[in-house]
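What the coordinates show
Take a look at the letters that make up each chain.
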Amino acid sequence: MKRQPLTGQLADPDLKLLRVFKTVVECGGFSAAEVELNIGRSAISRQMADLETRLGMRLCQRGRSGFQLTEHGRLVYDATQELLIDLEKFRSNVNQAHSRLVGELVLSLTDNMITDSNSVIVKVLGGFHQREPEVTINLQVAAPNEVERAVIEGRANLGVAPYHHQLPGLNYQDLHQETSKLYCGASHPLFSMPDSQINMKLLTEYDFIVPGYAHVILLKEHFPELKGSATSYQVEGIATLILSGQYIGFLPEHYAAQWASSGQIRPVLPDSLNYQVPFKVITRRDAQPNLLRTAFLDALCSQAEH
């Protein structure tokens, strides 16, 4: 491919192609990028070819051996990251010059928060959009550890997740508390047993679900006797195992209510077998000033105080 300097102005179509290229690199190839970009592999391939033509250089090798960046590709990827950071700085500076906010706010949340009446997210999102209609909200749902990773890597402006440790590069601010209780399914031996006959020694005889996310630290602190024989990284996975009637496990009380009210599951010793999970809003400590992030963070914390 003949090399030639990039001449003329960098237009919006060029930025689009560079963002596609950045996503492909970070996903590790065309196939993995299909879901992230929500377009087909042929469209991704066509846009990558357009970018290579525009730049006059080969950016990656793709084929049976897999996806691999060329040396030029690595240079262009690094330059793309710097360019997009500079664009965000420019947008932030423009926001400071105007009373209105524009741009995209990327928010990463833990899953299954929507049924929690203590959570202020829904109310804050509605009020924020009414006040700032020109701001685009990019709402992502992920496991707690992935929420933290997205904020650390700059892929999300803010995150909301259960608090279980404090990473040095992040700031944590209080939002609300979530109550989790121990549950069993309708076909489990404990379901028809009165609480007066249940104790911790008896519970250790049954298969217990260990969550593969932040709560496991709290569980080990409060209930070290319970030994796991199954695990899940999602709250829905734990609920599925409990509903099978073969396991006992902890669920957020607000999330479990839909099955508890219909008699499909029941709490076990709810007065003693429960624990509180603090939820925090997470921001990166060394992040560049960003009016969108600051405005939304203020709205969250203000609502949480009421």
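Residues numbered from 1 in each chain as written. Predicted model: local features only at pLDDT ≥ 70, side-chain atom pairs only at ≥ 80, totals over all residues. Heavy atoms only, no water.

1. Section: the pairing of strand β3 (residues 103-110)
Counting buried positions over the eight residues of β3 gives seven, a clear majority of the element. Handedness of the crossover joining β3 and strand β4 (residues 135-142) through helix α5 (residues 121-131): right-handed. By the bridge criterion, three bridges tie β3 to strand β5 (residues 158-162) in an arrangement that is parallel. Its bridge partner lying in β5, L109 is registered against V160. (Buried < 20%, exposed > 50% of the residue type's maximum accessible area, 1.4 Å probe, protein only. Helix = DSSP H or I, 4+ residues; strand = E, 2+ residues; numbered from the N terminus. Right-handed = clockwise from strand over helix to strand, strands pointing away. Pairing = 2+ DSSP bridges.)

2. Thoughts on the pairing of β4
Moving residue by residue along a regular strand, the side chains alternate between the two faces of the sheet. Sheet analysis places β3 next to β4, joined by eight bridges and oriented parallel. Bridge pairing in β4 places L107 opposite L139.

3. Points about the packing of helix α1 (residues 12-27) against helix α3 (residues 41-55)
Viewed as axis vectors pointing N to C, α1 and α3 meet at an angle of 120°, and their least axial separation amounts to 9 Å. Here the hand of the crossing between α1 and α3 comes out left-handed. Contact residues: D14, K16, L17, L18, V20, F21 and V24 in α1; I44, Q47, M48, D50, L51 and R54 in α3. Looking at the contact of α1 with α3, its residues break down into eight nonpolar, one polar and four charged. (Axes fitted to C-alpha atoms, helices over the stretch in contact; angles between N-to-C directions. Left-handed = near helix turned anticlockwise from the far one by under 90°. Contact = heavy atoms within 4.5 Å. Nonpolar A, V, L, I, M, F, W, Y, C, P; charged D, E, K, R; others polar.)

4. With respect to the environment of K22
For K22, the location among the structural elements is in helix α1. For K22, a relative accessible area of 19% corresponds to the buried category. Placed 182 residues apart in sequence, K22 and T204 show a C-alpha to C-alpha distance of 49 Å. Filtering out sequence-adjacent residues up to four positions away, K22 remains in contact with Y77, T80, Q81 and L84. Within the local environment of K22, its side chain forms a polar contact with the side chain of E26, the two groups lying 2.9 Å apart. (Polar contact = N/O pair within 3.5 Å; in protein donor to acceptor, adjacent residues only side chain to side chain.)

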